[in-house]
Amino acid sequence: MMRRTPRRLTVSVLTLGCFLAATMTARADQLSGGISAEGAVHCTTAPPAPDLPPGAADPDLLWPQQQLGLGQAGVWFLTRGKGVTVAVLDTGVDPANPVFAPNAVLPGPSVVDPGGDADYDCDGHGTAVAAIIAGKQSGLFGFTGVAPEAQILPIRQTYTADTPGSSVKLADAIRTATAAGARVINISIGVTENSPELRVAVQNALASDVLIVAAVGPGPKTYPAALPGVLAVGGVDRTGKALPHGNGVMVSAPGGPLTVPLAGYAEGLTTLDGPGMAAPFVSGVAALVLSDRPTLHNWQVVQRLEATADQPAADAAGAGAPAPAATSATLNPATGYGVVDPYRAVSQDLPNEARPDPSVGPGAIVSPAEAAVPGHDRNASRIALAMSAAGVLALAAPVAVAASRRGRVKGSRAGV
């Protein structure tokens, strides 16, 4: 009986190691959401039907295109956004919608269901945002995007606009967009949590010369709009009155009510409003600027958008009094530096544009150490658990070898 002990010890140790490795891998999958590419969740219901079916659209709802001067005689005479990729971190994008030109929407991933993709839109919000940025000139009641020759990289961070998702998933989406080479990241669905993961992802994106455009939500602070270096956007209505939003607006754009195409329908439009609809107008203008001036850094694009913005006539209270002019030292709390002006943002020469600004823009990549919190960051958790499993196997191997050698010395069957 004693001669068989080393072999039994070898088998027991290796079995224990494999069991723990399998258990830790399963635990890692659980922490990551437990959804594989094969089991990715798709839409269980169709997006809401358009409330403006063909033939019933109110042309007044296309006022943003008119006010921003989008057309052949306006900024499109100079540029249409060619060569610029804008990442849309949202509910996914419907690439088959006729508002998009062929190949305008790139294949994109989902951070909600790892291994899944973002080429469908259960909610319609992401498709509307992408259409405002890069929708082509279409016959759909005259709707057009700001930069019709830009490309969209969709990244799903949530399934519905009413459920923003976590800051960790948003950080995953920002990292993914940065690694994919997007020049602009549009975030129309912010979060209320200011996590270390999100801060590191934003800092690294800015250090990689990516411009982050984020909507300011209704609460006191919305992230990442409230983080340094992010271009925070508020919305205005047709009269220039600011829509409800929290603190920190730097520039404004049309926010509604306005007309947008809807995912899942070849024709038909719907009406949306809010700062979430204003952010893609700013991202589209940024794409125009970068297409015409590709050597500009992210902070220079921000400077250009702010310097060329126009203050609307109405103030935040809606009293009709002119809004105070914004200066480099003072911001209008309602509209920031004003409403973006695509033509001026592209064409105007700024005398101080060549002067570096050390406070924002490209810089050193931040160490992600503080973001690697087990149980919070999905990737960090999986790596830690995988290393633990590897450690168990590494400890098991020497014991097995020793047991095998002992068996050979004693002439047991383990040494045969």
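As the structure is a prediction and not an experimental result, all values here were calculated from the model. (Residues numbered from 1 in each chain as written. Predicted model: local features only at pLDDT ≥ 70, side-chain atom pairs only at ≥ 80, totals over all residues. Heavy atoms only, no water.)

**What about the overall build of the protein?**
Our working definition: Under the scheme used here, helices are H or I runs from DSSP no shorter than 4 residues and strands are E runs no shorter than 2 residues, and both carry numbers assigned from the N terminus. For each residue, the accessible area found with a 1.4 Å probe, counting protein chains only, is set against the maximum for its type, and the residue is called buried under 20%, exposed over 50%, and partly exposed in between. Here a residue-residue contact requires only that any non-hydrogen atoms of the pair lie within 4.5 Å. All accessibility values rest on the Shrake-Rupley procedure with a 1.4 Å probe; residue burial counts only the protein chains present in the view.
Scanning the protein for helices and strands turns up nine helices and eight strands. Within the span of the protein, comprising 416 residues, buried residues form 50% of the whole. Restricting to contacts in the protein with at least 6 residues of sequence separation, those with at least 24 account for 76%. Surface accessibility of the protein: about 18300 Å² in total, with carbon and sulfur atoms responsible for 59%.

**What to know about the side chain of T91**
Definition in use: As used in this structure description, the phrase polar contact means that two N or O atoms lie within 3.5 Å; if the pair is within protein, one of them must be able to donate a hydrogen and the other to accept it, and residues adjacent in sequence are counted only when both atoms belong to side chains.
As for its placement among the helices and strands, T91 is situated in the loop between β1 (85-90) and α3 (125-134). With a relative accessible area of 0%, T91 lands in the buried category. Looking at T91, its side chain comes within polar contact range of the side chain of D121, at 2.7 Å. A polar contact of 2.9 Å, which involves the side chain of T91, links it to the backbone nitrogen of G126.

**Concerning the pattern of salt bridges**
In plain terms, the rule: Salt bridges are defined by distance alone: a side-chain nitrogen of Lys or Arg within 4 Å of a carboxyl oxygen of Asp or Glu.
The full count for this structure, using the stated rule, is four salt bridges. The salt bridge involving D172 is made with R175; its shortest N-O contact spans 2.2 Å. Taken together, the residues D172 and R175, both in helix α4 (residues 167-179) and three residues apart, mark about one turn of the helix. Its salt-bridge partner being R293, residue D292 comes within 3.8 Å of it at the nearest N-O pair. The class for D292 is partly exposed, based on a relative accessible area of 34%. Each of D292, R293 and D349 takes part in a single network of salt bridges with overlapping partners.

**Observations concerning the sheet that holds strand β2 (residues 151-156)**
Selection criterion: Two strands pair under a simple rule: DSSP has to find at least two bridges between them. Angular values range over 0 to 180 degrees, each being the angle between N-to-C directions of two axes fitted as lines to C-alpha atoms, with helices fitted over their stretch in contact.
Here we have six strands laid out as an open sheet, ordered β2-β1-β3-β4-β5-β6, and parallel in their pairing. Strand pairing shows two members of the sheet lacking a second neighbour, β2 and β6 (251-254), which therefore form its edges. Put simply, the sheet's adjacent strands are angled 30° from each other on average, direction ignored. The pairing of strand β4 (residues 211-215) with strand β5 (residues 231-236) spans three bridges and is parallel. By the bridge assignment, A214 is partnered in β5 with A232. Its contacts with the sheet put α3 on β1, β2 and β3 (184-187), and the angle it makes with β1 is roughly 160°. Docked against the sheet, helix α6 (residues 275-292) engages β1, β3, β4, β5 and β6, running at close to 120° with respect to β5.

**A closer look at α6**
So the rule is basically this: A helix is expected to span 1.5 Å for every residue after the first.
Counted at 1.5 Å a residue, the expected span for α6 with its 18 residues is 26 Å, and the 26 Å between its end C-alpha atoms agrees. The buried fraction of α6 is high, at 16 of 18 residues.

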